[in-house]
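Residues per chain are reported as follows:
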Amino acid sequence: MATAPGTGHLDPSAEVLAEAAAAFGLLASPARLHIVWALIQGESDVTGLAGRVGGALPAVSQHLTKLKLAGLVRSRREGRRQVYFVDAAAQAAVVDVVRLLVGRLAERDAAVPAPARLLRGL
């Protein structure tokens, strides 16, 4: 690890940066971000998630598989259902980033009329 000049802060290792980039890459999909947002609010099965995020069951299932493989989402069996959740303790940084970013954008969205939001992008 290198130290940033004049700051005394250590730069993260290449492995840490690669892991963070992979997590951000997975969350770059609006559907996966919505799934993670929903699971931060509370656990759910794939049917409940599909209804909430407006996706087809197979698509939501595929997104959950990717998120699970990356360690962002976990699951447990309840009878015949698979219940998905975000382990807030293990993924505290991701949970904080998603809550902060999505929460602030949602607040801004509610406060600014739609035409003004469109003009801001010009």
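Under the annotation held in an unreviewed UniProt entry, the chain carries the name Transcriptional regulator and is attributed to Streptomyces fodineus.

Asks: I'd like to hear about helix H3 (residues 46-53), residue by residue, with values.
Replies: Given 3.6 residues per turn, any residue in an α-helix points the same way as the ones three and four places further on. Along H3, the residues that are buried comprise Leu49, Ala50 and Val53. All buried residues of H3 fall inside an arc of 100° around its axis, so they share one side. Of the exposed residues in H3, the ones pointing more than 90 degrees away from its buried face are Thr47 and Gly51. In this fold, the buried residues of H3 make contact with helix H2 (30-41), strand E1 (44-45) and helix H4 (57-69). Among the residues trailing H3, Gly54 stands out with phi positive, at a value near 75°.

Asks: Can you break down the packing of H2 against H3 residue by residue, with the values?
Replies: Contact pair H2 / H3: the axes reach a minimum separation of 10 Å and the direction vectors enclose 115°. Handedness of the crossing formed by H2 with H3: right-handed. Each of His34, Ile35, Trp37, Ala38, Leu39 and Gln41 in H2 lies in contact with H3, whose residues at this interface are Leu49, Arg52 and Val53. Of the residues assigned to the contact of H2 with H3, the class counts are 6 nonpolar, 2 polar and 1 charged.

Asks: Describe the environment of Ile40, listing the residues and the values that go with them.
Replies: Within the secondary structure layout, Ile40 lies in helix H2. Classification of Ile40 by relative accessible area gives buried; the value is 12%. Sequence spacing of Ile40 and Phe85 is 45 residues, and the spatial spacing of their C-alpha atoms is 7.2 Å. In this view, Ile40 contacts Val86, Val95, Val98 and Arg99; residues no more than four positions away in its chain are not counted.

Asks: Pulling in residues and values, what's your account of helix H5 (residues 92-111)?
Replies: An ideal rise of 1.5 Å per residue puts 28 Å on 20 residues; H5 measures up with 28 Å between its terminal C-alpha atoms. Those residues of H5 that fall on the buried side of the exposure criterion are Val94, Val95, Val98 and Gly103. Looking straight down H5, one finds that the buried residues subtend no more than 130° of arc, so they occupy a single side. Exposed side of H5, more than 90 degrees from the buried face: Ala93, Arg104, Glu107 and Ala111 are the residues found there.

Rules used throughout
- Residues numbered from 1 in each chain as written.
- Predicted model: local features only at pLDDT ≥ 70, side-chain atom pairs only at ≥ 80, totals over all residues.
- Heavy atoms only, no water.
- Buried < 20%, exposed > 50% of the residue type's maximum accessible area, 1.4 Å probe, protein only.
- Helix = DSSP H or I, 4+ residues; strand = E, 2+ residues; numbered from the N terminus.
- Arc of directions from axis to C-beta.
- Contact = heavy atoms within 4.5 Å.
- Axes fitted to C-alpha atoms, helices over the stretch in contact; angles between N-to-C directions.
- Left-handed = near helix turned anticlockwise from the far one by under 90°.
- Nonpolar A, V, L, I, M, F, W, Y, C, P; charged D, E, K, R; others polar.
- Expected span 1.5 Å × (residues − 1).

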